Every structure is written in structure tokens, then in C-alpha cells.
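The residues making up each chain are set out below.
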Amino acid sequence: MISAAIAEPPTAATPTPTFSEAATQPILPPVVPWDGKSRALAVAKNDPWITPSEKTDFRTTPSYDETMAWLRKLVAAAPGLKMISLGKSPEGRDIWMVVPIFNVDGHERSSKFGRVNQRGPEEVGWRTNSKNLNLNRDYAKIDTPEMEAMIRALNQWQPDLYVDIHVTDGADYQYDITFGFNGAGGHSPAIASWLERTFTPAVTNDLAAMGHIPGSTDAANWIDPFDLSKGINAWLANPRYSNGYGDARHLPAVLVENHSLKPYDQRVLGTYVFLESTIRFTAKNEKTLRQAVETDRRAKVATIPLSWDVDLAAPVTDTIDYKAIESRTFPSAISGGLRIEFTGKPVTTKIPYRRPHVTASVARPKAYWIPPAWSEVVQRLQLHGIQFERISQPRDVKVTMYRLESMRIQGTDESKRAVEEAQPFEGRVQITAQPVAEPRTEHYVAGSVRVPADQPLGDLVAVLLEPASPDSFLQWGFFDEIFQHTEYIEGYILEPMAERMLGSDPKLAEEFRQKLASDDAFRASSKERLRWFYSKTPFVDERWKLYPVGREE
């Protein structure tokens, strides 16, 4: 065996960016004093079970290794606990079921410059994973190994309740811990009713009794970020998010958002109270919760909602008392727009509360058919735990298919603010298209997959496979190939053909004249004119823009 050390040529060191002192100190709004009863939950410095954060009076948060060491000590002392790895992150870290860290790689990208909008701890991790993907945008598409591990665990363990804990950015307000879930207008109305009427009052009371100010995650949804008087809107999450995903698969899922401007100890203690209350209450009420889950799984409603939105032009019908922080706005010399300033003074104000309505829905089919060429889509369905059958012999099936017109690469961010160019989002370039239904008899080769829609995860099936769904595989870019032209016809061949077609078909000639008169872009483009004539011949690709997933009605 021969080994050798190869010296690399010297390279210039990458210069470290330098910043002025003024640029390194975020200026946060004034903190509202807090001395809640939950402060008593922090243990004494000599307590053998003290956590790393408590040791530093909540100035710091523990690293991955420190967290694992504390948990191993706990598991060793408690026979009823066991550390089980769900899988490994891209950087090779175990994702432990008993640990409070899901984004283990982002957790370790720690610095004092991690989250400028957040009050403590001294150093924090990063929002995204090691590939710069946000795990709480990945529940539907499952692009990350972390999410693949989580979805496998959900299928294996079938939890009664899923709680996803975050720290929110956004406006200042009094609420220090907010939590929410998809409401009755979503996919799981029985679960939503249990969470709204049974769970929320009990947990809210427990939090308030310990000195916290609980509220709904809707508190962050200001309609106008500079004017609270315009109100807030309720949110029905799409399944890219944990609470939307739980709703679509009839899994009770609660999203917790601690308020980033509240001190770190207040956030930690509020989360402790929330989790203790949640575990205790759910254990006592598991029977009614499981009944709600079973009701939603059995419902199989005829019409499945795909998306929601708030109609800001509609009259206001609901108002709420909102625990705000006083603010004022004035022109900004820095941005050229408006600037908002929070004073730190708590105020309660009555504001409009707008609820979303369904903007797209679809009738539940018997099943969906997927050709074997789209194996990545089938693999994702399998990861979700969706049931399907794979045919061993070819079969002709009467289905409804979609021709996708007006395809557009999305050029907006999550807040729907227009941007100049289409940009990648969560590792993909998203698209939208207008689906036009076509009844067909489609030939499915051996290996094709039939996905029943009357299964327990039938709503999730529709949300993933219907092109009009914002979190469909189509809109996430899994079917981009169907939009590309692969065959064409030379102009010197098509020009004389078009002349002959116009001369022999008066109806076609009149259609051409009308299109020239009504469509300026068409009239000005020789390419589009020739493409139009090409589309009127049998030589055109009949499957161009044809969505390959069929609906068995």
C-alpha cells in the first residue's frame, strides 16, 4: 500500500467581513416587565437535575451535545424512558425522539447573530437545515432526510397529538405564547372542534394561572403590518406546515409560537407550562380526542378543500379584543416608506377578525392513476403512508385528466409580495397552471399505480395530486417535464401547409382572422402564429401539457 501526503498550494485567506459596532447591536422595542408565577419552576443552582439554561439564569441555551448528555442522564434514571433515533441529519447527527431538537444541524449553526428579531439567548441556532431548507415548509413534499424521518415516525407511532414548537417573528404584542391549529373549515372539523372547545380553554387557563399571556397564533397575522386597526385574519395552513399537514391527515396538530420579543426565560417557562398542561390534559381526555380523530378519518367528505383565503373586500362581521402594544407610524428617511415604533405600553383594543373561505376545492374521485415513469411521486406517497396498488398487467381506464394551461413560474414570496424574477423557494421553483379537465380512456402500462381516494389519508392524497392545490406535487415542481416542447416543425415546411389549410378550411380561416384581431401579442409574434398552426395539425405532441395523473371518477 502506498500513501502520500500532497501539499496544497497556499491560498489567500478569505477576508472576514468587518462591521461597525452600531451594526452589531439590534435595537429591539422596550421589554414589558414580567414576573410570572412560573418563575418558581426554575430549580435551585444545587439541584442535581438542573438544566444548562438554568445554570446560566437563562442567558444561554445548550448545544446539541449538552442536550444529549442531559437526556442520557435522565433516561438512565427513568426505566420508562428510552432514546430512539428517528434517523440522521445531512451532517450525520441523530434525531432523537426524546429530544426537543428537530432541526439538529441548524441548531448547531449557532452564533450571537442568528436571529436579529429575538430577545435572547446569547447565542442561537439557524432557522434552516444544513441545505438551507426550512423543515416547517417540507411536510408535504418531504425533500429533507429530517422530514422523511419524522413522517416515518408519525406513521409508525400514530401519536394522539403532535405539537410543533417555534419562536415567531413579527409585530410586538402582549401575548408571550400563542398556539393554533386549522379550524373547522379545514379537513378535520371534529378534531378542530375538540382542540377549540376542549383543549384550548384548559391549556389557556393553566398558562394564565402561571402568569403567562396566552393567545392564538392568529395574533401575528396583521392585515396591514403598519395598522392594527385593519384587523387580523385567521389562518388555515397548507400541508407544507405542521398544523396544515396534521389537518390533512387527520392528526391533531398544534403549532406553538413563542413571541420572539419576550425574554428567553419567559419563553422557556411558558413552553414548560404549555407542555405539562398539554400532556396531562391529553392523557385525561384521550378517549374523546380519539373519537374525534376516528370521526374525521371515516367522514370521507364528497368535496375536498384545496386552498383558502381571506376576502378583504367583504364586510367585517367579527371583532376581537386584542392585547396589543401601543405603536405609532411615521415616514422613514431610511426606507422611504413607513416606519413603525412600539412603545412598550400594553393596550387592549377591539379590532376586526376576518376568517378565510375556500377558494379551490375538488370532488373526491374513486382513485388516482399514476404511470410508473413518475416514480419520485409514488415514493413520496409511500413515505406519507398512503395506500396504493401497483398493477401487474396493462389496463385501459376511463379517467379525467387535466390539460394545464397558462403555466406560470411563481415570482412571489410567502407574503405574496411581487418580486422581479421567479426565484427558488425551499429548494424548488414553484409553478401554477390552469387545469382544464379532459375525459379520456388512458392506457396504463404494467407498474402503474392506483391510489384509492376513500382511504383514511384520502384528503392528503387529493391535496398532493390535484394541480390546483398550492402544495400539490405539480406546484412544487415534480412534473415540470410536461411543459417543455420536444418536437417542432420548420417554418419553411409549415408556411405552405398553413396556406393550404386556410384555403381548404373556411372555419379555420375565420378563427385565424379573429385571433389576429383580438390578440395583440399573437398578431405581433411570428413564432406564436406558426405555433398556432402547428397545434392544428396531427403532428403536434398530443401529450404536451397533459398532467399524467388521471382521476377515476
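Residues numbered from 1 in each chain as written. Predicted model: local features only at pLDDT ≥ 70, side-chain atom pairs only at ≥ 80, totals over all residues. Heavy atoms only, no water.

Peer 1: Outline the packing of helix α5 (residues 189-209) against helix α8 (residues 286-299), supporting the account with residue identities and numerical values.
Peer 2: Closest axis-to-axis distance for the α5/α8 pair is 7 Å, and the angle between their directions is 155 degrees. With respect to their mutual orientation, α5 and α8 come out roughly antiparallel. Facing P189, A190, I191 and W194 of α5, the residues of α8 in contact are T288, L289, A292, V293, T295 and D296. Partitioning the contact of α5 with α8 into residue classes produces seven nonpolar, two polar and one charged. (Axes fitted to C-alpha atoms, helices over the stretch in contact; angles between N-to-C directions. Helix = DSSP H or I, 4+ residues; strand = E, 2+ residues; numbered from the N terminus. Parallel < 35°, antiparallel > 145°, perpendicular 65-115°, else oblique. Contact = heavy atoms within 4.5 Å. Nonpolar A, V, L, I, M, F, W, Y, C, P; charged D, E, K, R; others polar.)

Peer 1: How would you explain the nonpolar core if you had to name every residue and give the values?
Peer 2: Counting 60 residues, the largest nonpolar core has I370, L381, L465 and F479 as its most contacted members. No other element matches the six residues that helix α10 (residues 458-465) contributes to this core. Ignoring anything within four residues of it in the chain, the contact list for I370 reads V377, V378, L381, S448, V449, V451, L465 and V549. In terms of nonpolar packing, the next biggest core, distinct from the first, is built from 20 residues, A202, M210, F274 and F281 among them. (Core = buried A, V, L, I, M, F, W, Y, C linked by side-chain atoms within 4.5 Å. Buried < 20%, exposed > 50% of the residue type's maximum accessible area, 1.4 Å probe, protein only.)

Peer 1: Please set out the environment of I191 residue by residue, giving values where relevant.
Peer 2: Assignment of secondary structure puts I191 in helix α5. If we skip the residues at most four places from it in the chain, I191 touches H250, L251, P252, A292, V293 and D296.

Peer 1: Tell me about the sheet that holds strand β17 (residues 546-552), and please be specific about residues and values.
Peer 2: The antiparallel open sheet is built from six strands, whose spatial order is β13-β16-β12-β17-β14-β15. Bordering the open sheet on either side are β13 (389-390) and β15 (431-444), each of which pairs with just one other strand. Direction of pairing for β13 relative to strand β16 (residues 449-452): antiparallel, over a ladder of two bridges. Along β16, the bridge assignment pairs R390 with V449. Contacting β12 (367-370), β13 and β16, helix α9 (residues 375-384) crosses the sheet at an angle of about 140 degrees to β12. The sheet contacts of α10 involve β12, β16 and β17, and relative to β12 the element is tilted by about 45 degrees. (Pairing = 2+ DSSP bridges.)

Peer 1: Requested: an account of the pattern of salt bridges, with residues and values cited.
Peer 2: Tallied over the entire structure, the rule returns 44 salt bridges. For D459, the salt bridge is made with R364, and the minimal N-O distance between the two is 2.6 Å. With D459 in helix α10 and R364 in the loop between β11 (357-363) and β12, the pair connects residues that are 95 residues apart, well separated along the chain. Residue class for D459 comes out buried when judged on its relative accessible area of 4%. Here R364 falls in the buried class, since its relative accessible area comes to 16%. Here the salt bridges share partners, and the residues they tie into one network are D138, K141, D143, E376, R380 and R428. (Salt bridge = Lys/Arg side-chain N within 4 Å of Asp/Glu carboxyl O.)

Peer 1: Describe unusual backbone geometry, listing the residues and the values that go with them.
Peer 2: Cis geometry is adopted by the peptide bond preceding P121, which originates at G120 and carries an omega value of 0 degrees. When you line up the elements, P121 lands in the loop between α3 (104-108) and α4 (145-157). A positive phi is found at F58, a non-glycine position, where the angle reads about 65 degrees. For F58, the position within the fold is in the loop between α1 (52-55) and α2 (64-77).

Peer 1: Describe α8, naming the residues involved and giving the relevant values.
Peer 2: When the terminal C-alpha atoms of α8 are compared, their 20 Å separation across 14 residues agrees well with the 20 Å that a helix rising 1.5 Å per residue should span. Taken residue by residue, α8 has L289, A292, V293 and D296 as its buried positions. Around the axis of α8, the buried residues are gathered within 95 degrees of arc, so they sit on the same side. Counted as exposed and oriented over 90 degrees from the buried face of α8: K287 and R298. Tucked into the core, α8 has its buried residues touching α5 and α7 (264-284). Following α8 by one or two positions, K300 adopts a phi angle in the positive range, close to 45 degrees. (Expected span 1.5 Å × (residues − 1). Arc of directions from axis to C-beta.)

Peer 1: Talk me through the confidence of the model for the chain; I want residue IDs and the actual numbers.
Peer 2: With 95% of its residues at a pLDDT of 70 or more, the chain shows a mean pLDDT of 94. When the criterion is pLDDT under 50, residues 1-11 qualifies, and its contacts beyond four places in sequence or with other chains add up to zero contacts. (pLDDT = per-residue confidence, 0-100.)

Peer 1: Account for the sheet that holds strand β5 (residues 214-216), with residues named and values stated.
Peer 2: With mixed pairing, the four strands of this open sheet are ordered in space as β3-β7-β4-β5. In this open sheet, the two strands that pair with only one neighbour each are β3 (162-168) and β5. Direction aside, the axes of adjacent strands within the sheet are offset by 25 degrees on average. Strand direction decides the pairing type here: strand β4 (residues 177-180) and strand β7 (residues 253-259), joined by four bridges, are antiparallel.

Peer 1: Give a detailed account of the pairing of β16, specifying residues and quantitative values.
Peer 2: Side chains of β16 alternate between two faces, with V449 and V451 and R450 and P452 buried alike. With four bridges connecting them, β12 and β16 associate as antiparallel partners. Each residue of the ladder has a partner; that of Y368, found in β16, is V451.

Peer 1: Give me the lowdown on the packing of helix α11 (residues 491-504) against helix α14 (residues 526-535), citing residues and values where you can.
Peer 2: Between α11 and α14, whose axes approach to 10 Å, the crossing angle comes to 65 degrees. Note on packing geometry: the crossing formed by α11 with α14 is left-handed. Two secondary-structure elements touch here, α11 through G491, L494, E495, A498, M501 and L502 and α14 through L530, F533 and Y534. Within the contact of α11 with α14, the residues separate by chemical class into seven nonpolar, one polar and one charged. (Left-handed = near helix turned anticlockwise from the far one by under 90°.)

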